[in-house]
Every structure is written in structure tokens, then in C-alpha cells.
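Chain and residue survey
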Amino acid sequence: MDKFDVIVVGGGHAGAEAAHAVFRSGLKCALVTFEREKIGQMSCNPAIGGLGKSHIVREIDAMGGIMPIATDMSGIQYRTLNTRKGDAVQALRVQCDRNLYKKAIQKIISKTNIQIFEEEVEDLLIQKNSVKGVITKNKTILGSKTILTTGTFLNGKMYKGDEITEGGRIGDSSSKPLSKKLYSLRLPMGRLKTGTPARIKLSSLDLSVMEEQPGESPTPFMSLTQEVKKHQKQLSCYITRTNPKTHKIISKNTHLSAMYSGNISGIGPRYCPSIEDKVYKFKSKESHQIFIEPEGINKDLVYPNGISTSLPKKIQEEFIYSIKGLENSKIEEYGYAVEYDFVDPRSIKKTLETKFLSDFYLAGQINGTTGYEEAAAQGLMAGINASNKIQKRKEFILERSESYIGVMIYDLTNHGITEPYRMFTSRAEHRLLLSQNNAEQRLLTKAYKQNIVCESRLNNFLKKEDDYKRFFTNQLEKVKIKNFKNKKNNTIELNEKRSISSILARPDVDETKIFKTNKDTIEFFKRASTEIKYKGYIEKQLREINKNKKQNRKKIPENIDYKNISGLSNEVVEKLLKSKPDTIGSASLIEGVTPAAINLILVNIKKTELEKINA
Amino acid sequence: MSVVFALATPAAQSAICVFRVSGKGCLDAVEKIFNKPVQKHKTFCIRKLFHQGRVVDEVGVITFSGPNSYTGEDAFEVYGHGGLGVMSLIVEAFKGVGFEEAAPGEFTKRAFLNDKLSLNEAESVADIIESNNAEDVFLSSQSLAGDFTKKVIDFSKEIDFFRVRVEGEIDFSDEGEDFLDSMLVEDLGLLISNFELFVGACMNKKELSVKKKVLFIGPVNSGKSSVFNRLLGFERALVSSVPGTTRDLIESEVFYNNMSFSVSDSAGVRETEDLIEAKGIDLGISEVSKADVVVGIFDSSDEGVINKFREISAERVFLAVYNKLDLSKADKKLFDCCVSAKTGEGFDHFKKVLGGAFINKDIRDYDYLVRERHIDLFNKTISSLKSAEKRLLDNDAMELAAEDLRISRAYIGDVVGVKTSDSLLGDIFSSFCIGK
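Residues numbered from 1 in each chain as written. Chains lettered and ligands numbered in written order. Predicted model: local features only at pLDDT ≥ 70, side-chain atom pairs only at ≥ 80, totals over all residues. Heavy atoms only, no water.

On to the overall build of chain A. Scanning chain A from terminus to terminus reveals 19 helices and 22 strands. Compactness check: chain A gives a C-alpha radius of gyration of 26 Å against a globular reference of 25 Å for 615 residues, within 12% of the reference. Counting only C-alpha atoms and orienting by the principal axes, one finds that chain A spans roughly 80 × 75 × 55 Å. Residues counted as buried form 60% of the 615 residues belonging to chain A. Put simply, of all contacts in chain A between residues at least 6 apart along the chain, 72% involve residues at least 24 apart. Here chain A displays about 26,100 Å² of accessible surface, and carbon together with sulfur accounts for 49% of that area. Computed over 100 positive and 72 negative side-chain charges, the inter-centroid distance for chain A is 3 Å. (Helix = DSSP H or I, 4+ residues; strand = E, 2+ residues; numbered from the N terminus. Rg over C-alpha atoms; globule rule 2.2 N^0.38 Å. Buried < 20%, exposed > 50% of the residue type's maximum accessible area, 1.4 Å probe, protein only. Contact = heavy atoms within 4.5 Å. Areas by Shrake-Rupley, 256 points an atom, 1.4 Å probe, with all protein chains shown as cover. Lys, Arg positive; Asp, Glu negative; His and termini not counted. Charge placed at Lys NZ, Arg CZ, Asp CG, Glu CD.)

With that settled, the discussion passes to empty space enclosed by the protein. One pass over the full model with this rule turns up three cavities of 30 Å³ or more. Of the pockets and cavities examined, the second largest cavity occupies roughly 90 Å³. What lines the second largest cavity is a set of 11 residues, among which A:Lys278, A:His288, A:Gln289, B:Glu175 and B:Gly435 lie closest to the centre. Here the residues of the lining of the second largest cavity are counted per class, giving two nonpolar, four polar and five charged. (1 Å grid on protein atoms, 1.4 Å probe; cavity = no way out; pocket = protein on both sides within 12 Å on 5 of 7 lines; lining within 4 Å. Points joined across faces, edges and corners; volume = space filled by probe spheres on them. Nonpolar A, V, L, I, M, F, W, Y, C, P; charged D, E, K, R; others polar.)

This part is about the pattern of salt bridges. All names here are of chain A. Inspection of the entire model under this criterion finds 55 salt bridges over all chains. In this structure, the salt-bridge partner of Lys 181 is Asp 123, at a minimum N-O distance of 3.3 Å. Placement of the pair is Lys 181 in helix α5 (residues 176-184) and Asp 123 in strand β7 (residues 121-127), with a sequence separation of 58 residues. With a relative accessible area of 27%, Asp 123 lands in the partly exposed category. With its nearest N and O atoms 3.0 Å apart, the salt bridge here joins Asp 467 to Lys 463. Placement of the pair is Asp 467 and Lys 463 together in helix α12 (residues 455-477), with a separation of four residues, close to one helical turn. Judged by relative accessible area, Asp 467 falls into the partly exposed class, the value being 23%. (Salt bridge = Lys/Arg side-chain N within 4 Å of Asp/Glu carboxyl O.)

Moving on to the interface of chain A and chain B. Counting from both sides, the interface comprises 59 residues of chain A and, opposite them, 61 residues of chain B. Roughly 5,200 Å² of surface becomes buried between chain A and chain B when both sides are summed, with 54% attributable to carbon and sulfur atoms. The tally of links between chain A and chain B comes to five salt bridges. Put simply, A:Arg93 and B:Asp174 hold a salt bridge, and the shortest N to O gap is 2.8 Å. Put simply, chain A and chain B have 22 residue pairs in polar contact (both at pLDDT 80 or more) between them. Only β16 (289-294), α15 (522-547), α16 (549-553) and α19 (595-614) of chain A provide two or more residues apiece to the side of chain A that touches chain B. The dominant element in the side of chain A that touches chain B, judged by the number of residues it contributes, is α19(A), at 11 residues. When the residues that make up the side of chain A that touches chain B are grouped by side-chain class, the tally is 21 nonpolar, 18 polar and 20 charged. (Buried area = accessible area lost by both parts, 1.4 Å probe. Polar contact = N/O pair within 3.5 Å; in protein donor to acceptor, adjacent residues only side chain to side chain.)

A word on the sheet that holds strand β3 (residues 47-49) of chain A. Working definition: the strands of a sheet are paired by backbone hydrogen bonds and lie parallel or antiparallel to each other. All names here are of chain A. Here we have three strands laid out as an open sheet, ordered β3-β5-β4, and antiparallel in their pairing. Each edge of the sheet is formed by a strand with only one pairing partner; in this case those strands are β3 and β4 (75-81). Between one strand axis and the next, the sheet turns by 20° as a mean value, whatever way the strands run. Taken strand by strand, helix α3 (residues 67-74) contacts β3, β4 and β5 (91-96), and its axis lies near 115° from that of β4. (Pairing = 2+ DSSP bridges. Axes fitted to C-alpha atoms, helices over the stretch in contact; angles between N-to-C directions.)

A separate point is the sheet that holds strand β6 (residues 100-101) of chain B. Residue and element names in this part refer to chain B. Sheet architecture is open: six strands sit in the order β3-β4-β5-β2-β1-β6, paired in mixed fashion. At either end of the open sheet lies a strand with only one pairing partner, and these are β3 (44-51) and β6. Pairing of strand β1 (residues 4-7) with β6 involves two bridges; the strand directions are parallel. Across the sheet, the residue bridging to Val 4 is Glu 100, located in β6. The sheet strands contacting helix α1 (residues 26-33) are β2 (16-22), β3, β4 (54-64) and β5 (75-81), and the helix crosses β5 at an angle near 30°.

Let us now look at the nonpolar core. What tends to happen in soluble globular proteins is that the nonpolar side chains get buried as a cluster. Membership of the largest hydrophobic core comes to 106 residues, with the highest contact counts inside it found for A:Ile48, A:Met63, A:Ile147, A:Leu182, A:Phe360 and A:Ile405. In this structure, A:Ile405 is in contact with A:Ile56, A:Glu59, A:Ile60, A:Met63, A:Ala377, A:Met381 and A:Leu398, ignoring residues within four places of it in sequence. Among the nonpolar cores identified, the runner-up in size contains 30 residues, and B:Val185, B:Leu191, B:Ile382 and B:Ala401 belong to it. (Core = buried A, V, L, I, M, F, W, Y, C linked by side-chain atoms within 4.5 Å.)

The bulk of non-glycine residues show a negative phi, and the bulk of peptide bonds are trans. With an omega of 0°, the peptide bond between A:Ser217 and A:Pro218 qualifies as cis. The omega torsion across B:Gly66 and B:Pro67 is 0°, close enough to zero to call that bond cis. As for its placement among the helices and strands, B:Pro67 is situated in the loop between β4 and β5. Even without glycine at this site, A:Gln226 takes up a positive phi of about 60°. Relative to the elements of secondary structure, A:Gln226 occurs in the loop between β14 (211-213) and β15 (237-241). In this structure A:Gln226 comes out as exposed when scored by relative accessible area, which is 59%. The backbone of A:Asn489 sits at a positive phi, close to 65°, despite the residue not being glycine. Along the chain, A:Asn489 falls in the loop between β21 (480-485) and β22 (491-499).

The next point concerns the packing of helix α6 (residues 244-253) of chain A against helix α8 (residues 313-321) of chain A. Residues and elements named next belong to chain A. Contact geometry for α6 and α8: axes closest at 8 Å, N-to-C directions at 160°. In terms of orientation, α6 lies roughly antiparallel with respect to α8. Where α6 crosses over α8, the handedness of that crossing is right-handed. Touching Thr 246, Ile 249, Ile 250 and Asn 253 of α6 are Ile 315, Glu 318 and Phe 319, all from α8. Residue classes in the contact of α6 with α8 are distributed as four nonpolar, two polar and one charged. (Parallel < 35°, antiparallel > 145°, perpendicular 65-115°, else oblique. Left-handed = near helix turned anticlockwise from the far one by under 90°.)

Let us now look at the side chain of A:Ser236. Residue and element names in this part refer to chain A. Secondary-structure assignment places Ser 236 in the loop between β14 and β15. You can call Ser 236 buried: its relative accessible area is 15%. Reaching out from Ser 236, the side chain makes a polar contact with the side chain of Glu 212 at a distance of 2.6 Å.

Right, let's get into helix α2 (residues 84-96) of chain B. Residues and elements named next belong to chain B. With 13 residues, α2 extends 18 Å from end C-alpha to end C-alpha; this agrees with the ideal 18 Å at 1.5 Å per step. Turning to α2, its buried residues are Val 86, Met 87, Ile 90, Val 91, Ala 93 and Phe 94. In an axial view of α2, the angular spread of the buried residues amounts to 160°, which keeps them on one side of the axis. Lining the buried residues of α2 we find β1, β2, α1, β3, β4 and β5. Residue Gly 98 follows α2 closely and has a positive phi angle near 90°. (Expected span 1.5 Å × (residues − 1). Arc of directions from axis to C-beta.)

Here we come to the environment of A:Gly364. Residue and element names in this part refer to chain A. If you trace the backbone, Gly 364 turns up in the loop between β20 (360-362) and α9 (372-390). Placed 214 residues apart in sequence, Gly 364 and Thr 150 show a C-alpha to C-alpha distance of 7.6 Å. Sequence-distant contacts of Gly 364, defined by excluding residues within four places in its chain, comprise Ala 14, Thr 369, Ala 375 and Gln 378.

Here we come to the pairing of strand β9 (residues 140-148) of chain A. All names here are of chain A. Across seven bridges, strand β1 (residues 2-9) lies against β9 in parallel orientation. Residue pairing across strands places Ile 7 opposite Thr 146, the latter belonging to β9. Between strand β8 (residues 130-136) and β9, which pair antiparallel in sequence order, lie three residues. Where β9 meets β20, three bridges bridge the pair, whose relative direction is parallel. Across the sheet, Leu 148 pairs through a bridge with Leu 362, a residue of β20.

With that settled, the discussion passes to the packing of aromatic side chains. Under the definition given, this model contains 33 aromatic pairs over all chains. Between the aromatic rings of B:Tyr322 and B:Phe335, the centroid separation amounts to 5.4 Å while the plane-to-plane angle is 45°, which identifies the pairing as tilted. Within this pair, whereas B:Tyr322 is found in strand β12 (residues 317-322), its partner B:Phe335 is found in the loop between β12 and β13 (337-338), the two being separated by 13 residues in sequence. For the pair B:Tyr322 and B:Phe335, one class covers both residues: buried. Aromatic rings pair up to connect A:Tyr468, A:Phe471, A:Phe472, A:Phe515, A:Phe524 and A:Phe525 into one cluster. Note that A:Arg427 overlies the ring of A:Tyr421, its terminal NZ or CZ placed 4.0 Å from the centroid. Sitting over the face of the ring of A:Tyr468, A:Arg527 holds its NZ or CZ atom 3.8 Å from the ring centroid. (Phe/Tyr/Trp six-rings, centres within 6.5 Å; stacked < 30°, edge-to-face > 60°. Lys NZ or Arg CZ within 6 Å of the ring centre and 35° of its normal.)

This is the structure:
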């Protein structure tokens, strides 16, 4: 019988990242998936990154993960968003060649000792409330830890109008016995849905009537490891729009959409609505943007991002033909909505191990998230924590103030979800601390201590930090000048000579003129001017973080009786009962909970503790 | 835990005042406020206390190293001179080094959490927090309390409105939506001025108790000083039966129901002769314009005399008090209350009437009476909003404008609770069409 340290079920973004993390920890991993060929498949739009998401990918990068490297191996268009805003909210988005991305992941996996099983897991091997392995049609695989990353496959169903097919992705089947198994364990589970648009042949489009959106130049890299030296051939995206005619066709047929006919019970994401949703909910908007994203370098196919739908095929054709540039579209694949099982993430710990079964971890969409990046990050964290438990290391939990990954896991495990959870920068109250460009500074040393980043990477990083410090001191702090140009291009004379670093703190300074950068110093200078600009705010945030650190870590006992704490309003009690916060810090993040309420809870916890001692 | 401080003695003129300070790191901060290092654990020493480079007062300081202190944390106490000016400067000095004013029940709470109080002693802790929570918005009537909270909630919603736009512009800038319309900055300016008006209508509860003045006047020998002394509970004014004994204005403090009145006893006014006779009398009348409540003390039910004093005090709240209840009964219709300074009869009622009089006076000028802590938070809210306004106006670093708005909302959250990012995102999704 096969025996492994960790079994990862599922070969998507969470599964691949989890398996690779286990490999980096020096442990033996089994990856059980339907088809070897589909490992690392992008099921939705072929892009990685964007606001909040590139932040996560860079964090994965700082911890030695594989998503950022695969992105650079397959990236065909790079754009930095929010270039006119500050560093903390800039984000890189990369269009990938769908096929190359998958191949990249498979290539990376193939260089490891991860053993791949092309099997469907149908049952779990449970002994004394602990998962000891998985059972497939053909065999039993034993593992000290099991990580489940089922994505949209757990009892997945696809909808096009009234046409319903079983499966987690077009052309693939779904995982039903495992869903049944989890339901039989009486877990808190529910259904979520997401959708995709039709895929159209590139050669059938009239790109000349659309707005071209080229990538940026010079082309940046997603990964800071510099493992990928050369980019793929770069392509453009195109933008077209829906029009009143499109909207008329859609509103006339809304009732035929699977979403509106009542077939789908799952909750869809509000930030990723189907085109029928957009037309229905925002009647005053006469037009919606559509991004025409290339599927690959030599691929005659595009992904029209912005018109995901579950309307019947005929209606899909009709409304697509009404759009400028898409009049002669050849549709290769029709849009569909997919509905799948998820487990209420409040039933998992911050290590992603479940509270109901030990040695059993959940990562990715099964926890109610959406997005490749969110899934990969959870896979990474589950992989690290499963390995840590085997190697008897401490739990690896990231704080909200040090990473977006921490924000996500906190949110999921504390508040649960009301719709598929996606990262946005506005979810992070410490956003200014969490730039996509400082992920290494935040996480690399930590990751090294977790045994998942190699020593040479650490040394490179430490050397770069030294270089930066030297740059700052020698070229900004020690260099003093008497005047500078402000943003209106006027020269400002100073009373006495002052250092460049102190002048950079002034809001009126024109940063581009105060220091001449070259290719060696440009990144350092950007970093320095951001750090100087943010300094006051960041000090304030750090004070905020430290102020209640001890109090925030205080655990709230599971059996706390909020109803009996006098002084708490009914509304607050209800909210507390619903989200069951595990710590004071989590409780204070619940809407409507005041500092006075937190004080009452603290006092109550202490009182109960004392009563126990005295009893 | 942050460092908190509180005045341990009443906020009133007295011989000395005592401040307590507690929290990790508070002993490191002492060197920033005193002229030289303080003595180690539990040793009293005299130091000069500084604020902005100037000596505020020569004070006594005693430090306690945690866990051997009342709260179980590092702590110290400051004994200063009891002038109101000194007290407010000490407060400023503390705030200047980052100490925060303690929330209601804060010291007791900390002591309790650090195992310094027994369960029995601690029973009251929750009550303190709870009762003060209810009292946080301290108002003369319940209906206003509801109105106050509603107003703050409305302001918090307005801040959320701006956050929705700015956060939307940051997270969804490529969605083709116009988050920031041209009126946004102007609207934010409007919100700021409305909020400033609102804060202006909030009366600081502490201010109320130190600033309000009660003046005693009345005919010669009607017993003003006796009533004054009885009210204070000790012999403060020189009392004599010879008319015109009280020559100078004597001031003291009275506490009642959490309120402190500054009470002044003036020389008597001879109603039969020329009104202005002695210096003390002159002082008494000129003081009327500075007083908030004027108490006329009378020894007879002579309506003409009472009205004369009422006229002098026409601009003020006037209370007519009959004093010599021990000698003869009074015509109750003429008086707001009747007492006897000699026996003490009627003083409970008198205090109540006095307390009521000066609350009514305040309500005319202010809509809300709130804690100083809240005024502080509101002012911080305003300054963060202004910073956001400036950044939006200059089109400079939108993420910092967003941070200013987040912080301003967090300050108000002390009254109305936090706004979660999830619910903010919900607002964005319902106001704008997001999503590809």
C-alpha cells in the first residue's frame, strides 16, 4: 500500500501549491487528481493578478511558491494598475497563455518527488476522528495529513439556460461520492456559484473597431526570484462594449437564464455578476465594458471578459452578435454557470486544518473563496501547516498586519462568507504596510524559518536589503541640497542645506526631479520615496497594532454566553453569536461592536475564569 | 495596552490634585515630562513638570513598577497644585507624550484583568463600564440622547459614502465607472463644516463643571454667607451679624450629582439706601454679569425687594431662596425654595433646584453634553477628514486620502461601532456596477 506524509486531493491552483510546499519542506507528497494533463488548469479567465491579487501572488513568491514563476513562464501581457496612485495600491496583472501556464505548473511539479495519481477520491479513511488517508475506486492511499482542494468539482453542476450537466469544468466530470461523504459527516456546507462567458474564435472578430490595450514596457516580472529570464511574446487585449440593443435582447430573455429561473440555489459573487445581472440591476447604464483577452500565443481563441452568462445558447449567440466587433463571432464554447459545494470556513482553524477532523485540511474554493490567487495562497498555507505538524514545528499563522494572506484567512475563519470571497485591497486595514513590492521584506525571512525557502534566496534578499540601506544613507541622507523643484516646476530655495530624504517628506516636492535615477537605483529610489511619504501613517498604524496586541490575542472561550453579559445590546449579541469570534481581536472587527462592548466581554471572560478557580 | 491617565481628584479648585497614569511604557515617558529621572518603585520625589518646554508646576511623583501597582501595570501618580489651570496643563502634557484619557472604569478594568481584584470586588467593574457606557452621551433628556446617537450615525454614514467612492476608485479603477465626480471634494468640505457645527453644539461635560458660576446676592444680613457655608458644609465665609461683614468676594466649589458649581458669596446689597455703598457691594453687582446662575437669599417675603434683585439679574437664571425658615414661614409662591441655614432644613431640595437651574441654562447654548473623550475623538475625526480633503484636492496619493477617511471613520466607531470592509464593499457593489 502507498504511504505518504501528505496527500493533496485536487490538482488546481490550491492543490499544486500545497503539494509543492510539502515537497519544499522535504516531505513526501501524493497528488491525487482526475487527469495529470489538467494540473494547473486555469478554468476561468486566463489572467493572474490585479488589485489585492497581485499582492497575494507576491506573498506566495516571497515564500517560495510556484504561481508567480508559472505566471512569468506563460505571461503574454503585463499591466500595472493604478500607476497614478501610490505604491501600496499598485497592482500587476498578467494575461497568461492558458496552455503555457498549465504546462509551466506541470513542468515545475515534474521536477519534484511529488507522486501523481490519476484517480477519483471517493471516500476518506477516518480513525478516531482523524483522517488517515483517502480511498479511490482502485486503491487506498495512506497519508499522515490530507489536504482537500476540490475547487468547483465537489458535486459541480453546470448550467446553460435549462440545460444542466454534471461537472466542475467544461469537459470534466464532478466529484459526487466525496461530496456525499462530507455531507454524511454533517459538516456545515452550502452551495456557491460562479460563471464564465462564451469563448470565441479570435479570427472571427473585427479587432479594428475595438480599442487596443497593449501591455506595458519595459515588461515587468511577477516573480522577484528572477528565475524566469525571458518573457513570452507579448500580445494586446482589446476593449469593446455592450449597447442598448444587447441589453434589450438580454432583458427580454432574463427569465430563461439559469440564475433567474430558480434552478441555481448557490450564491454568486456580487463583484463578478453575469451580464444578465448587470443589465437587470443597473438599468440606467447603457453600456458595459468587455475585455477581449487572448487565450494564448498561437491560439485562435479569446475570452470576452465581462459577459459571463447562463442564458441558453441561442440567446448567447443573439446578444454576442449585437456587440461591436463581435458581429461575426464563431463561438467555440458557450458560457455557463457552475454551482459547487463549499464548507463553511468558520469550521476550519487558521492553519486551515478542520475543527471537526484532525490531520484534515481544506484549501481553495471549498472554503468559499474564488480566484486562482486566493486558492494558491491557501494551498501554500495548508501545505506549510500540514508539514509543520509532521515535523513538529509551530503553527504558521500570518497576521492581518503583515500580509493579505493573513487578512484572507482571518476573514474566512472568523466571519465566514456570504458570497464567494475575493481579495480587494480595501479588505486590508493595514493596506499601507502591504505593498506588492515589499512582500519579501515582510515574509521572506519568516518563510525561510519555515523551511520552504532556500538559503541562497535568503542571502540574495539580505544582500539586497543591505544595498538598499547603503543607498538610502549615502545617496539620500548624506546628500544635502539648497533648493529643489516643486510639482509646479518652481524652484524652492531653502534657508539652509537639507538632505534629499528630508525634502522628500514634503508634499510639494517633484520626486522625479530631485534625484536622477539609473537602472540600478530606480527601484531603490521608488521604495525610499514611498517609505518617506508613508512614514507618518505607518507609525500611526504600528502604534495601533501594538496598542491592543495582547488584548487582541486573548481567546474567547467557545462556550461564552453573550446573552448573559449585561450591557451588551441585542444587536451586538446577535452578531457575536453569528460569527463566533475566537479572539478579542476578531470580535472587535465585527461591525457595530464598540470598544465598550469589547470591555464587557473581556471582563466577563475574566470573571468566568476566576469563578472556575474559586469553584 | 496603551498608557492611560485620569484625574483622581475632582475637577475642581482645591489644595492639590492627583493624577493616575497606568500602562506599559509609561515609566519610559516620564523623562519627557519631568526635569530629571524619577525615583524607583514606591519612592516619593519632587520634580518639575514640563509642557512644551515650559514648567507647568512643581509636583510630587511616585512610581509603581508592575505588577506591584493598583492596575498591575507600570504606573505613576502625580500630585500637583489644585488650580484648574495647572490641571488642564498637566492634561495637555500627558497628551503631548501620547497618553490617552482613560475610558470610564478603565483603571478598575485593568486591575481586574491583571488579577489585582478579587471576584467580589470585580462584580462592580462591569457595572461601571455598563453604566458609563449608557451615560457616555450625558444629556439632560433622553430624547436628546437618541438624537445625538442618530446624528453621529448619520455622520458615520456620510463618511462611508466618501469611503465607498475612494475605495472604489482604488480597487476598481479599470471597471469604467466614475467613482470620483467633480463635486466630491466640495461635498467633503460640506460634511466637514457640518460636523464642525455639530461638535460646536456639543458641550464638554467637564467644561460645564468647571466653568459654571453661581453667585449669591441678597439684602444685607439676609444670611447669604450662612447659606453659602451650609451649602459648602464648612465655615468658609466670615459670618457675622453686623451688616456688611463680607467685604470681598469669596469663591468655592460645590459638588452635587457629578456637577461642580463655582459659588461666589458677595457682600450684601442695602436695598433701603443707595444701591452702591461699599466696594464689596460693587463687586457683587459686577459679578452678576459673570455668573450663570444668581441665587438671591432673602429673610422676608417682601415681593418688592425680591423683584429688585430679580431685575439686577435679569440676564441670568435667577433663583429666589428664603433663608430663615427656622424663624418664620415664607410665602412659598415668591420663592424657588425655602431653607434654614441654621438647621439645614430644605438644603437637599435647594441643591436639586440649583443643579436643575444650571442645566437648563446650558441647554439653551448647547444641544449635547458629551464626555471630553468624545469631543477629542470628534476633533480627531475632523482633522483626518481635512487631511483627506486636502489630498483629494491636490490629487496626491489617493491611498493616503483613503487612509485618512478610514481613520476618521474609526474614531467615530468608538460611538457607533466599526464599519467592516465587507460591508463597505457591499456598499460599493450596490452603488456601482463592478465586475467583468
